[in-house]
Amino acid sequence: MGIFIVFEGGEGSGKSTQARLLYGLLLQEGHSSVLLHEPGGTSAGDQIRRILKSQHGESQKSQRGKRKSSLSPMTELLLFSAARTELVNQTLIPALKKERVVVCDRYTASTIAYQGYGRGLPLDLIQQLNRVTTQGNDPSLVVLLNIDPEKGLSRVQAQGAMLFDEGVGSSPGRMDEEGLRRFEEESVEFHQRVREGYLELAREEPERWLVVDATLPRERVAELIWQRVEPLLKAQ
Ligand code: TYD
């Protein structure tokens, strides 16, 4: 079996940049690798991504301050889960069977952090769904790019997601350059809950998680990640 590495983090954490940097380094070092990004990456997954992008979530308000309810948190959860099911079956499992190193930008922890801690859906239900969608394909390493949400969101606003990622190319599986945006408009409190969720998951499984201070220089972050990835490659 291959090696499975996941990147997680809040908005503006630089997680996608680091996922791409690691992917580039893996290729450079001669490792057959695959870079994935959730949600999306399959035909159905891309269509689901489009729905998530076009429909507003329940907790978002319209311009007049009235709540829109075109997409309930439960629907959101099921859509992310459906997109993941396709990606796991069509891409992840075949790649791992071919001994590839798979780098995935977001995975099950995003669902626990955003739909569980953020939206308040029951964690046990999400965990059950995660087990079904992944069929036991858990990452060997989860890298959390940890950042204060206020800092992360201001990075997104100041630079725009694309500028922040400048020079590293766009992420495969992500067809809309500007991203989903639906969570960038959520309150700081929402993003603080998401961050707390991530940190709780990292505390529960320190051997699987690497928490990196996302405010460190990009090169230093990449170095810390590589230090943790290298032994995994040697053990393969
Ligand atoms: P996206 O535009 O793909 O960019 P990024 O991953 O760089 O933030 O945004 C995906 C959004 O979807 C992000 O705000 C987190 C959210 N998300 C969930 O809420 N649950 C999930 O299970 C996944 C995979 C993502």
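So, here is what we can say about the structure in this document. (Residues numbered from 1 in each chain as written. Predicted model: local features only at pLDDT ≥ 70, side-chain atom pairs only at ≥ 80, totals over all residues. Heavy atoms only, no water.)

1. Looking at helix H5 (residues 123–134)
Residue pairs spaced three or four apart in an α-helix point in one direction, given the helix's 3.6 residues per turn. With 12 residues, H5 should cover 16 Å at 1.5 Å per step; its first-to-last C-alpha distance of 16 Å lies within 8% of that length. Taken together, the buried positions of H5 are Ile126, Leu129, Asn130, Thr133 and Thr134. Here the buried residues of H5 occupy an arc of 115° about the axis, which is enough to place them on one side. Structural note: H5 exposes Asp124, Arg131 and Val132 on the side pointing more than 90 degrees away from its buried face. (Helix = DSSP H or I, 4+ residues; strand = E, 2+ residues; numbered from the N terminus. Expected span 1.5 Å × (residues − 1). Buried < 20%, exposed > 50% of the residue type's maximum accessible area, 1.4 Å probe, protein only. Arc of directions from axis to C-beta.)

2. Re the site of the ligand
Every one of the 17 residues lining the ligand counts as a neighbour, but His37, Arg106, Thr111, Gln115 and Leu180 are closest to it. One of the side-chain nitrogen or oxygen atoms of serine 16 is found 3.3 Å away from an oxygen atom of the ligand. Isolated, the ligand exposes 540 Å² of accessible area, and the fraction of that covered by the protein chains is 95%. Elements with a contribution of two residues or more to the shell around the ligand: helix H1 (15–28), helix H3 (73–97) and helix H4 (108–118). Per-element accounting of the shell around the ligand gives the leading share, 4 residues, to H4. Classifying every residue of the shell around the ligand gives 4 nonpolar, 6 polar and 7 charged. (Near = heavy atom within 4 Å. Polar contact = N/O pair within 3.5 Å; in protein donor to acceptor, adjacent residues only side chain to side chain. Areas by Shrake-Rupley, 256 points an atom, 1.4 Å probe, with all protein chains shown as cover. Nonpolar A, V, L, I, M, F, W, Y, C, P; charged D, E, K, R; others polar.)

3. Comments concerning the pairing of strand E3 (residues 101–105)
Taking burial as the measure, the 5 residues of E3 include 5 buried ones, the bulk of the element. Side chains Val101, Val103 and Asp105 of E3 all project onto a buried face; the interleaved residues Val102 and Cys104 project onto the opposite face, where all are buried too. As defined by bridge partners, strand E1 (residues 3–9) adjoins E3 across 5 bridges and the pair is classed as parallel. Looking across to E3, one finds that phenylalanine 4 is bridged to valine 102. The pairing of strand E2 (residues 33–37) with E3 spans 5 bridges and is classified as parallel. Along E3, the bridge assignment pairs serine 33 with valine 101. (Pairing = 2+ DSSP bridges.)

4. Description of the layout of surface pockets
Looking at the largest pocket, its volume works out to about 410 Å³. Thr108, Ile112, Asn130, Asp138 and Glu205 are the residues nearest the centre of the largest pocket, which is lined by 19 residues in total. Those elements that place two or more of their residues in the lining of the largest pocket are E1, H4, H5 and helix H7 (188–204). Looking at the lining of the largest pocket element by element, the count peaks at 4 residues for H5. Considered class by class, the residues forming the lining of the largest pocket number 8 nonpolar, 5 polar and 6 charged. (1 Å grid on protein atoms, 1.4 Å probe; cavity = no way out; pocket = protein on both sides within 12 Å on 5 of 7 lines; lining within 4 Å. Points joined across faces, edges and corners; volume = space filled by probe spheres on them.)

5. Re the packing of H1 against helix H8 (residues 218–235)
The interhelical angle for the contact between H1 and H8, taken along N-to-C directions, is 50°, at an axis separation of 10 Å. Classified by the interaxial angle, the pair formed by H1 and H8 is oblique. Where H1 crosses over H8, the handedness of that crossing is right-handed. Contacts from Thr17, Gln18, Leu21, Leu22, Leu25 and Leu26 of H1 reach H8 at Arg218, Val221, Ala222, Ile225, Trp226, Val229 and Leu233. Here the residues of the contact of H1 with H8 are counted per class, giving 10 nonpolar, 2 polar and 1 charged. (Axes fitted to C-alpha atoms, helices over the stretch in contact; angles between N-to-C directions. Parallel < 35°, antiparallel > 145°, perpendicular 65-115°, else oblique. Left-handed = near helix turned anticlockwise from the far one by under 90°. Contact = heavy atoms within 4.5 Å.)

6. Focus: the packing of aromatic side chains
Counted according to the given criterion, the structure contains 6 aromatic pairs. Ring centres of phenylalanine 4 and tyrosine 107 lie 4.9 Å apart, and the angle between their planes is 85°; on these two criteria the pair is classed as edge-to-face. Remark: tyrosine 107 occurs in the loop between E3 and H4 and phenylalanine 4 occurs in strand E1; sequence separation between them is 103 residues. Accessibility assignment for this pair places phenylalanine 4 and tyrosine 107 in one class, buried. An aromatic cluster is present here, built from Phe80, Tyr114, Phe183, Phe190 and Tyr198 joined pairwise through their rings. Taking NZ or CZ as reference, arginine 182 lies 5.8 Å from the ring centre of phenylalanine 183, over its face. (Phe/Tyr/Trp six-rings, centres within 6.5 Å; stacked < 30°, edge-to-face > 60°. Lys NZ or Arg CZ within 6 Å of the ring centre and 35° of its normal.)

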